[in-house]
Amino acid sequence: MRCVWAFSEGFMEGFRGFGENMSALVNSILLSAVYLLGVGMTSLYMRLKGKKFLEMDKGKRGQSHWVELNLGGKGLDDHYKMF
Amino acid sequence: MHVLGISCYYHDSAAALIRDGELVAAAEEERFTRVKHDTSFPKNAIEYCLKEAGISASELDYVSFYEKPFVKFERVISQHMQCFPRSYKTFLKSMPSWLRQKLRIQSTIRKTGFNGDILFVEHHMSHAAGSFLMSPFEKAAILTVDGVGEWSTTTYGVGEGTSIRLMKEIRFPHSLGLLYSTITAYLGFSVNNSEYKVMGLSAYGETDPEKNRYYRMLKEVVDIADDGSFFMDMDYFKYHYADRMPSDKLCALLGGEPRSPDSELKERHKDIAAAVQIITEEAMTKMITHLYNVTKCDNLVVGGGVALNSVFNGKILGSTPFKRVWIQPAAGDAGASIGVAAYSWFTLLGHKRSSYQKTAYLGPEYSREQVKEFLDSKGISYSEFKSKDELVEKTAKLIFEDNVVGWFQGRMEWGPRALGSRSILSNPCNPKMQEILNLKVKHREKFRPFAPVVTVEDAPTYFECDMPIPEPTDYMLMVYPIKRKWRERIPAVTHVDGSGRLQTVRREQNPMYYDVIRKFGALSGIPILINTSFNIRGEPIVCKPHDAYRCMMGTGIDCLAMSDFLIFRKDNPSHMWDSESTAKD
């Protein structure tokens, strides 16, 4: 009886580990697809259109790098949103 | 009314609770879970805050979160768009936590039992509020500088009454905090954990910018304009698309591969540390001076993780036009939990400010009965003192006799520093004490200095500090030179450049701690102690009696003064263990 119990415990643990590995594998495949198709295609299209997502051009030495923000003064309603 | 502020998921998760405008409780999650810089949802810290207020989650009126998750997600996706396909690995690594946790923060908060309104405030606004709304100033200029929030890495503005307006920003990837972290990583230290070690190391390097060649090299990397704004050449960095921070180009510029942890620190490492400190101070000084010119305000508050750079903080009033400064004790992301709660209460809900944050003792405390129950249940040998005065006398005498004393009294501190509630105290006059503490107790690198604690009345005698003494010194946020004639008398707290990161204590803040310092002064002639955090390297500061006892028994701490009890390590040999083998960053 003890052997059966030990076996079933080990089996459940192994099965759980297998499930986690499968989940990680499936996630990786899905995320890779999203990365290549979603992020990749959008990125390439935007590059063709000359759009930049991060300001990294080096030409502005010596000039002010402050950017207008004007944050504040919003009401309570604006803070229910996660964006 | 109760407002709970929460910060989590990046580093230093924390919770803070404001009741009718008063800060009732605040704590970092790491102290409860014993995982340093714990990033997880702070359920233990929340539980503590609710318990301290005597309410349940369902009785909260508002819960506020310290940033706008979707705006941050937009920035992260923008990084991947910009850096495709180099960012593939980090995309795979980071997306699961975004999809499972970070974008679902509302449902996580609901699981605590709270069903009311959840508010979201921008990250840098949370930092700004944590400093301005908790400060004594009716009006102040505000500067926030950190790694990155949603898009902002640096902002400035002005606060008046309960309103805050952040006027300008510098946007990711240009970040003073991430620059400092990149150099921290290059020098072989852990990021978001050991930046203060680089700060301490910088004093060993060449501090004259004319003579420090690494300063000239870093000026190629960072362009600092006259108004303090800065722009970084991202060819030298990889953090915007990879797990590693310095790029190969930066490594080549600085003369080699990053230093591996625990390998020997050479002169060039010290000079590089000095260079990044000089660059940071240069940018901060110019920013703050520009801020003064824009706002014409005499008061300044600073927030964000870079505000923990106490070496620079000690220079603010001397090198900029501002007359007064206040900094949130937990200026990093943990402090944003106080900021978001305060912003919600005062700014969004329109309540007036009537006081300010005068203490960092906001965590849990343990009663005499609870401590006694712990000691008795473990069969620990101890002495009991009938009066606090007797315990104070005895502690001062033990320290004078070169014992290392663990001090566990009152409410736990808020913020990264131990301030006399969960502290290790020892004799600064003993020239061997720095070595004893570094090797036997803290298991730290040899170059790291220890910090002095002094009463606010005695501070001007021993330190070249700004007068009147700024309140941030109460929270060990300012480094000042120790007056030359005292340096040889207190060698254990005098850093290589003659400075000390002092804590000043006022009697009304912590009477027992104040009295220990005074009694020690009466015995030794020097009313200064070493105050270092009560923890083993790699672990958070102790929280519970069990943590304190365990720390003592695993290190060279001689005795522990906990509530009304004194416990000697040598009296309890059966519980000893060696922490050195497990000590790590």
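Residues numbered from 1 in each chain as written. Chains lettered and ligands numbered in written order. Predicted model: local features only at pLDDT ≥ 70, side-chain atom pairs only at ≥ 80, totals over all residues. Heavy atoms only, no water.

> Lay out the overall build of chain B with the relevant residues and their values.
The secondary structure content of chain B amounts to 21 helices and 22 strands. Taking 2.2 N^0.38 as the reference for a compact globule, 585 residues should give roughly 25 Å; the C-alpha atoms of chain B span a radius of gyration of 23 Å, in line with that estimate. C-alpha atoms of chain B, sized along the principal axes, occupy 65 × 60 × 45 Å. At a minimum sequence separation of 6, the contacts of chain B that also span at least 24 residues come to 70%. Just so you have it, chain B exposes about 20600 Å², and 49% of that area is on carbon and sulfur atoms. A distance of 2 Å separates the average location of the 73 positive side-chain charges in chain B from that of its 72 negative side-chain charges. (Helix = DSSP H or I, 4+ residues; strand = E, 2+ residues; numbered from the N terminus. Rg over C-alpha atoms; globule rule 2.2 N^0.38 Å. Contact = heavy atoms within 4.5 Å. Areas by Shrake-Rupley, 256 points an atom, 1.4 Å probe, with all protein chains shown as cover. Lys, Arg positive; Asp, Glu negative; His and termini not counted. Charge placed at Lys NZ, Arg CZ, Asp CG, Glu CD.)

> Explain the overall build of chain A to me, and be specific about the residues and the numbers.
Helix and strand content of chain A: 1 helix and 1 strand. What you see for chain A is a C-alpha radius of gyration of 26 Å, clearly larger than the 12 Å of a compact globule of 83 residues, by over 25%. With the principal axes as the frame, chain A shows a C-alpha extent of 80 × 40 × 25 Å. Accessible surface computed for chain A: about 6400 Å², of which carbon and sulfur atoms make up 66%. Side chains of chain A carry 11 positive and 8 negative charges; the gap between the two charge centres is 10 Å.

> Outline the nonpolar core, supporting the account with residue identities and numerical values.
In terms of nonpolar packing, the biggest core is built from 137 residues, with Leu-187, Phe-237, Leu-254, Leu-300, Leu-560, Met-562 and Ile-567 of chain B touching the most fellow members. Not counting chain neighbours up to four residues away, the residues in contact with Leu-254 of chain B comprise Ile-183, Tyr-186, Tyr-214, Met-217, Leu-218, Arg-268 and Ile-272 of chain B. (Core = buried A, V, L, I, M, F, W, Y, C linked by side-chain atoms within 4.5 Å. Buried < 20%, exposed > 50% of the residue type's maximum accessible area, 1.4 Å probe, protein only.)

> So what's going on with the sheet that holds strand β7 (residues 152-160) of chain B? Which residues, and what values?
With mixed pairing, 6 strands are arranged side by side in an open sheet as β1(A)-β8(B)-β7(B)-β6(B)-β11(B)-β12(B). With partners counted over all chains shown, the strands left at the sheet margins are β1 (67-71) of chain A together with β12 (324-327) of chain B, one partner each. Within the sheet, the average angular offset between the axes of one strand and its neighbour, ignoring direction, is 20°. Where strand β6 (residues 139-145) of chain B and strand β11 (residues 299-303) of chain B come together, 4 bridges link them in parallel fashion. Directly across from Ile-142 of chain B, in β11 of chain B, lies its bridge partner Val-301 of chain B. (Pairing = 2+ DSSP bridges. Axes fitted to C-alpha atoms, helices over the stretch in contact; angles between N-to-C directions.)

> Talk me through a nonpolar patch on the surface; I want residue IDs and the actual numbers.
A cluster of nonpolar side chains, namely Phe-7, Phe-11, Met-12, Phe-15, Phe-18, Met-22, Leu-25, Val-26, Ile-29 and Leu-30 of chain A, defines an oily patch on the protein surface of about 1000 Å² accessible area. Looking at the secondary structure, you find Val-26 of chain A in helix α1 (residues 2-48). (Patch = residues over 30% accessible without salt bridge, like charges linked within 9 Å, V, L, I, M, F, W, Y side chains within 5 Å. Salt bridge = Lys/Arg side-chain N within 4 Å of Asp/Glu carboxyl O.)

> Give me the lowdown on the environment of Ser-263 of chain B, citing residues and values where you can.
Within the secondary structure layout, Ser-263 of chain B lies in the loop between α10 (248-254) and α11 (267-295). Spatially, the C-alpha atom of Ser-263 of chain B lies 48 Å from that of Glu-22 of chain B, the residues being 241 residues apart in sequence.

> Go over the sheet that holds strand β15 (residues 422-426) of chain B with me, naming the residues and quoting the values.
All names here are of chain B. Taken in spatial order, the 8 strands line up as β13-β22-β21-β14-β15-β20-β16-β19 in an open sheet, and their pairing is mixed. The open sheet has two edge strands, β13 (383-384) and β19 (503-505), and neither has a second partner. Relative to the sheet, helix α17 (residues 433-441) contacts β15 and β20 (528-533), its axis offset from that of β15 by approximately 135°.

> Please set out the packing of aromatic side chains residue by residue, giving values where relevant.
Following the criterion strictly, the structure yields 19 aromatic pairs over all chains and no others. Ring geometry for Phe-7 of chain A and Phe-11 of chain A: centres 6.3 Å apart, planes at 25°, overall stacked. Pair noted here: Phe-7 of chain A and Phe-11 of chain A are both in helix α1, with a separation of 4 residues, about one helical turn. Take Phe-7 of chain A: its relative accessible area is 60%, and that puts it in the exposed class. A ring pair is formed by Phe-73 of chain B and Trp-98 of chain B, whose centres lie 5.2 Å apart and whose planes are at 50°; its orientation type is tilted. Of this pair, Phe-73 of chain B sits in helix α3 (residues 69-83) while Trp-98 of chain B sits in helix α4 (residues 88-100), and the two are 25 residues apart along the sequence. The pair Phe-73 of chain B / Trp-98 of chain B is uniform in exposure class, with both members buried. Directly above the ring of Tyr-236 of chain B sits Lys-249 of chain B, whose terminal nitrogen or CZ lies 4.9 Å from the centroid. (Phe/Tyr/Trp six-rings, centres within 6.5 Å; stacked < 30°, edge-to-face > 60°. Lys NZ or Arg CZ within 6 Å of the ring centre and 35° of its normal.)

> Just give me the short version of the interface of chain B and chain A, but keep the residues and values in it.
Taken together, the 66 residues of chain B in the interface contact 42 residues of chain A. Our enumeration of links across chain B and chain A arrives at 2 salt bridges. Salt-bridge contacts for Lys-74 of chain A lead to Glu-122 of chain B; the nearest nitrogen and oxygen are separated by 2.8 Å. A per-class count over the side of chain B that touches chain A returns 38 nonpolar, 13 polar and 15 charged. As paired elements, β1 of chain A and strand β8 (residues 163-171) of chain B share 3 bridges and run antiparallel to each other. By the bridge assignment for β8 of chain B, Glu-68 of chain A is matched with Lys-168 of chain B. (Nonpolar A, V, L, I, M, F, W, Y, C, P; charged D, E, K, R; others polar.)

> Help me get a handle on the side chain of Asn-212 of chain B, residues and values and all.
All names here are of chain B. Checked against the element boundaries, Asn-212 lands in the loop between α8 (195-202) and α9 (213-221). Overall, Asn-212 belongs to the buried group, its relative accessible area being 1%. Sequence-distant contacts of Asn-212, defined by excluding residues within four places in its chain, comprise Glu-206, Asp-271, Ala-274, Ala-275 and Ile-278.

> Can you explain the pattern of salt bridges? Please cite residues and give values.
Residues and elements named next belong to chain B. Under the definition given, this model contains 33 salt bridges over all chains. The closest approach of N and O atoms between Glu-282 and Lys-286, which form a salt bridge, is 3.6 Å. You can see Glu-282 and its partner Lys-286 sitting in helix α11, 4 residues apart, about one turn around the helix. According to the relative accessible area criterion, Glu-282 is buried, its value standing at 15%. A relative accessible area of 25% means that Lys-286 is categorised as partly exposed. Of the charged contacts in the structure, one is a salt bridge between Arg-368 and Glu-369, with a shortest N-O distance of 3.8 Å. Given a relative accessible area of 28%, Arg-368 falls into the partly exposed group. Residue classification places Glu-369 among the exposed residues on the basis of a relative accessible area of 52%. Sharing partners across several salt bridges, the network here consists of Arg-368, Glu-369, Glu-384, Lys-388 and Asp-564.

> Let's hear about α4 of chain B: which residues, and what values?
Residue and element names in this part refer to chain B. Helix length check: α4 (13 residues) gives 19 Å between terminal C-alpha atoms against 18 Å at 1.5 Å per residue, within 8%. Along α4, the helix axis deviates most sharply at Ser-94, where the bend reaches about 35°; the proline Pro-96 sits within four residues downstream. If you check which residues of α4 are buried, you get Thr-90, Phe-91, Met-95, Pro-96 and Trp-98. (Expected span 1.5 Å × (residues − 1). Bend = angle between axes of the 7 residues up to and from the residue.)

> Break down the side chain of His-80 of chain B for me, with residues and values.
Looking at the secondary structure, you find His-80 of chain B in helix α3. Excluding residues within four positions of it along the chain, His-80 of chain B makes contact with Tyr-35 and Val-39 of chain A together with Ser-87, Thr-90, Phe-91, Ser-94 and Met-95 of chain B.

> Describe the pairing of β6 of chain B, with residues and values.
Two faces, one strand: in a regular strand the side chains alternate between the faces of the sheet. Residues and elements named next belong to chain B. Of all 7 residues in β6, 6 are buried; the element is thus mostly enclosed. As paired strands, β6 and β7 are joined by 7 bridges and run antiparallel to one another. Across the sheet, the residue bridging to Ile-142 is Gly-157, located in β7. Counting the residues between successive antiparallel strands, the hairpin from β6 to β7 contains 6 residues.

Interpretation in functional terms is not warranted from these geometric data alone.
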